[in-house]
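# Results of the structural survey
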Amino acid sequence: DNREAMLNSKSNRLTEALEEANKLFDGVCRAREAALDAQFLVIASNIGKEKANELHSEMSAFDSTTFAEDLLTFMGINRTEVEETDDSEDVPGGFLPSDAWQTMGEEAPKYFRRAPTFHYMMGSFKSEPPVPKQRIERQKKASRGKAERAMPAQLKKMEESHQEATEKEVERILRILQTHFENDPNTPISFFDFVIDPNSFAHTVENMFHVSFLIRDGLAKIKLDEDELPIIEPTKPSGTGEEETRAGARNQVVINLDQKEWK
Amino acid sequence: QVSELVQFLLVKDQKKIPIKRADMLKNVIREYKDAYSEIVNKAGRTLQEVFGLQLVEIDTKRHTYILINNLPRAKGEYLCREKEKEKMGLLLVILSFIFMKGNSVKDSALWEFLNLLRVYPGKQHRVFGDVRKLVMEEFVRQKYLEITPIPLTDPPEFKYQWGPRAEKETSKKEVLKFVAKIQGKDPTFWASQYSEAEA
């Protein structure tokens, strides 16, 4: 390739070519030829610039191969082990650990003045982006998980009185619990699985609040299973209703759950 | 209006794509167009005083802006997502290569170098995924790198240089410090790069 030959710093081919072009231009009288000449000049100047660039780096002895090796060293390459690659590439020997670029990532930010990216913590009332996100969360919660959690997609409106809303919620939760038990009567649900909402601590607390009504009214009961973990099941609507309420002695349980534990 | 603009800029900056004046006018300033400069200036002051960020116009013709960090570099940990830091690592390596090679490199030379680091344009990378896309599109869109075609090359070739965001967020001096650290030498070892960085 002529280009490579011209790039060679030892060669004068570029100079010779330019001189020849100069001579030829004297004979030019048609526009097309002049255009060709211009084209030639552009290529020549590009090559000239490249040559100048090469000279520059030679002067200051920057060797990219050594730089690459030193970078690999910095990233923790292990040169005593040979990396087993299924493709036969020409790789310099050594095993590059999977956290290689993490190591680089720890060092890099020190050299940049990059603005940390701004994110809303809890979402605000005004701005657009956080609101759709909350809605999506609710819908996602509604459709995910076990079949018995098929909840009505409608969210209760905020205008309803608090009392009504609570009652409705409690009923809904009872129905879910009962449905699960109809489908699978021998598997009690872990209390925590039932109440915890992995996406919202506040909702988790709400769930516990509603479940406590069920317990109070004797509609559900909590027991400890063999691992000493609480499980919840609906109480059987039996004629021995009175016995139940007596036998289900008024146990009080205080559950301590803060955000850290919830996480 | 000012605080709305401040919020707007902060959110827009998340992807690190430069913010256009047209977007600012359309979404925030709207009817207050005449007070535009005043609002922008005040927003800039707020960003500086409250967040320590600098609003910089990187293109005076097309009026695009970026946010950079004006606080002195903290020595502690960087509250940045892992993915972002790893990308910055790759970027720093590329910027160093470009600078040390005279501020401009052909794309073939860049990829030849990255191959030595087990990063290949045609191959899905464990950390970076589609690296070619990351380098040629994302970094370029964020203005960290600038890519220009080399005229009359067939097949077409490109050259890479530092983009305006790189010029603002880091410096030749910083990058030379990095190279020196990696290679265990003093920055003065590379005489011409050193004098260029100190200029």
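Notes on the structure follow. Within each chain, residue numbers correspond to sequence positions counted from 1 in written order. Going through the entries in the order they are written, you letter the chains from A and number the ligands from 1. With the structure being a predicted model, the display of local features is reserved for residues of pLDDT at least 70 and the display and counting of side-chain atom pairs for 80 or more, all residues being used for whole-chain, interface and lining totals. The side-chain quantities take in all heavy atoms of the structure and omit both hydrogens and water.

## Notes on the overall build of chain A
- Within chain A, the secondary structure is distributed over 11 helices and 3 strands.
- Helix and strand definitions here come from DSSP, where helices need a minimum of 4 consecutive H or I residues and strands a minimum of 2 consecutive E residues; each element is numbered from the N-terminal end. Order of helices (α) and strands (β) in chain A, N terminus to C terminus: α-α-α-α-α-α-α-β-α-α-β-β-α-α.
- Note on definitions: a residue-residue contact is assigned when non-hydrogen atoms from the two residues lie within 4.5 Å. In chain A, 48% of the contacts between residues at least 6 apart in sequence involve partners at least 24 apart.
- To be clear on the numbers: accessible area is Shrake-Rupley with a 1.4 Å probe, and residue cover counts the displayed protein chains and nothing else. About 18800 Å² of surface is accessible on chain A, with carbon and sulfur atoms providing 53% of the total.

## As for the pattern of salt bridges
- Between Lys or Arg on one side and Asp or Glu on the other, a salt bridge is scored when a side-chain nitrogen of the former is within 4 Å of a carboxyl oxygen of the latter. One pass over the full model with this rule turns up 16 salt bridges over all chains.
- Between R114(A) and E84(B) there is a salt bridge; the shortest N-O distance is 2.9 Å. With one member in each of two chains, R114(A) in the loop between α5 (100-107) and α6 (130-143) and E84(B) in helix α4 (residues 82-100) form a pair that bridges those chains.
- What makes R114(A) buried here is its relative accessible area of 14%.
- A salt bridge links D59(B) to R62(B); its shortest N-O distance comes to 3.5 Å. Between buried and exposed lies partly exposed: a residue is buried under 20% and exposed over 50% of the maximum accessible area for its type, with that area taken using a 1.4 Å probe on protein chains only.

## Focus on α5(A)
- Taken residue by residue, α5(A) has A100(A), W101(A), M104(A), G105(A) and E107(A) as its buried positions. Down the axis of α5(A), the sector holding all buried residues measures 160 degrees, keeping them to one side.
- Tucked into the core, α5(A) has its buried residues touching α4 (64-74) of chain A together with α4 and α8 (172-183) of chain B. Picture the helix axis, draw a direction to every C-beta atom, and the arc is the one those directions span.

## Describing unusual backbone geometry
Residue and element names in this part refer to chain B.
- Following D154, the chain continues to P155 via a peptide bond in cis, the omega torsion being 0 degrees.
- Tracing the chain through its elements places P155 in the loop between β5 (145-150) and β6 (157-162).
- Although it is not a glycine, H63 sits at a positive phi angle of roughly 55 degrees.
- With respect to the secondary-structure elements, H63 resides in the loop between β2 (53-59) and β3 (64-69).

## Some thoughts on a nonpolar patch on the surface
- Together, V42(A), I43(A) and L152(B) give the surface a local cluster of nonpolar side chains, amounting to about 210 Å² of exposed area.
- As for its placement among the helices and strands, I43(A) is situated in helix α3 (residues 31-59). Patch building starts from residues that exceed 30% relative accessible area and form no salt bridge, then joins like charges within 9 Å and nonpolar side chains (Val, Leu, Ile, Met, Phe, Trp, Tyr) within 5 Å.

## Points about the packing of aromatic side chains
- Classification of ring pairs uses Phe, Tyr and Trp, with its six-membered ring standing for Trp, and accepts pairs whose centres are within 6.5 Å; under 30 degrees between planes counts as stacked, over 60 as edge-to-face, and the remaining range as tilted. Taken as a whole and judged by the stated rule, the model has 11 aromatic pairs over all chains.
- Their ring planes at 70 degrees and their centres at 5.3 Å tell us that Y111(A) and F178(B) sit as a pair that is edge-to-face. Note that Y111(A) is positioned in the loop between α5 and α6 and F178(B) in helix α8, a pairing that runs across two chains. Like F178(B), Y111(A) is buried.
- With centroids separated by 4.3 Å and ring planes inclined at 5 degrees, the aromatic side chains of F97(B) and F113(B) adopt a geometry described as stacked. Of the two residues, F97(B) is situated in helix α4 and F113(B) in helix α5 (residues 107-116); the sequence distance between them amounts to 16 residues. F113(B) shares its class with F97(B); the two are buried.
- Whether a charge sits over a ring depends on NZ of Lys or CZ of Arg being within 6 Å of the ring centre and within 35 degrees of the ring normal. Lying over the aromatic face of F189(B), K185(B) brings its terminal NZ or CZ to 5.0 Å of the ring centre.

## A few points about the environment of I94(B)
All names here are of chain B.
- Within the secondary structure layout, I94 lies in helix α4.
- The spatial distance from the C-alpha of I94 to the C-alpha of L145 is 9.1 Å, given a sequence separation of 51 residues.
- In contact with I94, other than residues within four places in its own chain, are L110, L114, V135, F139 and L145.

## Looking at the nonpolar core
- Within this scheme, the nonpolar core is defined by two criteria: the residues are buried Ala, Val, Leu, Ile, Met, Phe, Trp, Tyr or Cys, and they are joined through side-chain atoms within 4.5 Å. Within the largest apolar cluster, 52 residues are counted, with the highest numbers of intra-cluster contacts made by W101(A), L90(B), L117(B), V135(B) and L145(B).
- At 11 residues, α4(B) tops the list of elements feeding residues into this core.
- Setting aside its immediate chain neighbours within four residues, V135(B) contacts L90(B), I94(B), L110(B), W111(B), V140(B), L145(B) and Y160(B).
- L9(B), V28(B), A43(B) and L53(B) belong to the second largest nonpolar core, which has 19 residues in total.

## A word on the packing of helix α1 (residues 2-12) of chain B against helix α2 (residues 21-29) of chain B
Residue and element names in this part refer to chain B.
- In the contact formed by α1 and α2, the axes pass within 10 Å of each other and the chain directions differ by 130 degrees. In this view, α1 runs oblique relative to α2, as classed from their interaxial angle. You can see that α1 and α2 cross each other, and the crossing is right-handed. Here E4, L5, F8, L9 and K12 of α1 come into contact with α2, specifically with D23, M24, N27 and V28.
- Amino acids outside the nonpolar list (Ala, Val, Leu, Ile, Met, Phe, Trp, Tyr, Cys, Pro) and the charged list (Asp, Glu, Lys, Arg) are all regarded as polar, and Gly is one of them. When grouped by side-chain class, the residues that make up the contact of α1 with α2 number 5 nonpolar, 1 polar and 3 charged. Each axis is a line fitted through C-alpha atoms, and for a helix only the stretch in contact is used; angles between axes span 0 to 180 degrees, taken between their N-to-C directions. Every angle not falling under 35 degrees, over 145, or within 65 to 115 is termed oblique; those three ranges are roughly parallel, roughly antiparallel and roughly perpendicular. Whether a crossing is left-handed or right-handed is set by the direction in which the near helix is turned from the far one by less than a right angle, anticlockwise for left-handed and clockwise for right-handed.

## Considering the interface of chain A and chain B
- In this complex, chain A contributes 53 residues to the contact, which on the side of chain B involves 67 residues.
- For any pair of parts, buried area is found by adding up, for both, the accessible area (1.4 Å probe) each one loses once the two are put together. Together chain A and chain B conceal approximately 5500 Å² of surface at their shared face, both sides included; 60% is due to carbon and sulfur atoms.
- Inspection of the chain A/chain B interface yields 3 salt bridges.
- A salt bridge links K181(B) to E107(A), with the shortest nitrogen-to-oxygen separation between them at 2.9 Å.
- The definition of a polar contact used here is a pair of N or O atoms within 3.5 Å, where within protein one atom must be able to donate a hydrogen and the other to accept one, and adjacent residues in sequence count solely through side-chain atom pairs. Between chain A and chain B we count 12 residue pairs in polar contact (both at pLDDT 80 or more) in total.

## Comments concerning the packing of α4(B) against helix α6 (residues 131-141) of chain B
All names here are of chain B.
- Two elements in contact, α4 and α6, have axes whose closest approach is 12 Å; the angle formed by their N-to-C orientations is 75 degrees. Between α4 and α6, the interaxial angle falls into the category roughly perpendicular. Only V131, L134, V135, E138 and F139 of α6 make contact with α4, whose side of the interface consists of K87, L90, L91 and I94.
- Here the contact of α4 with α6 is built from residues that sort into 7 nonpolar, no polar and 2 charged.

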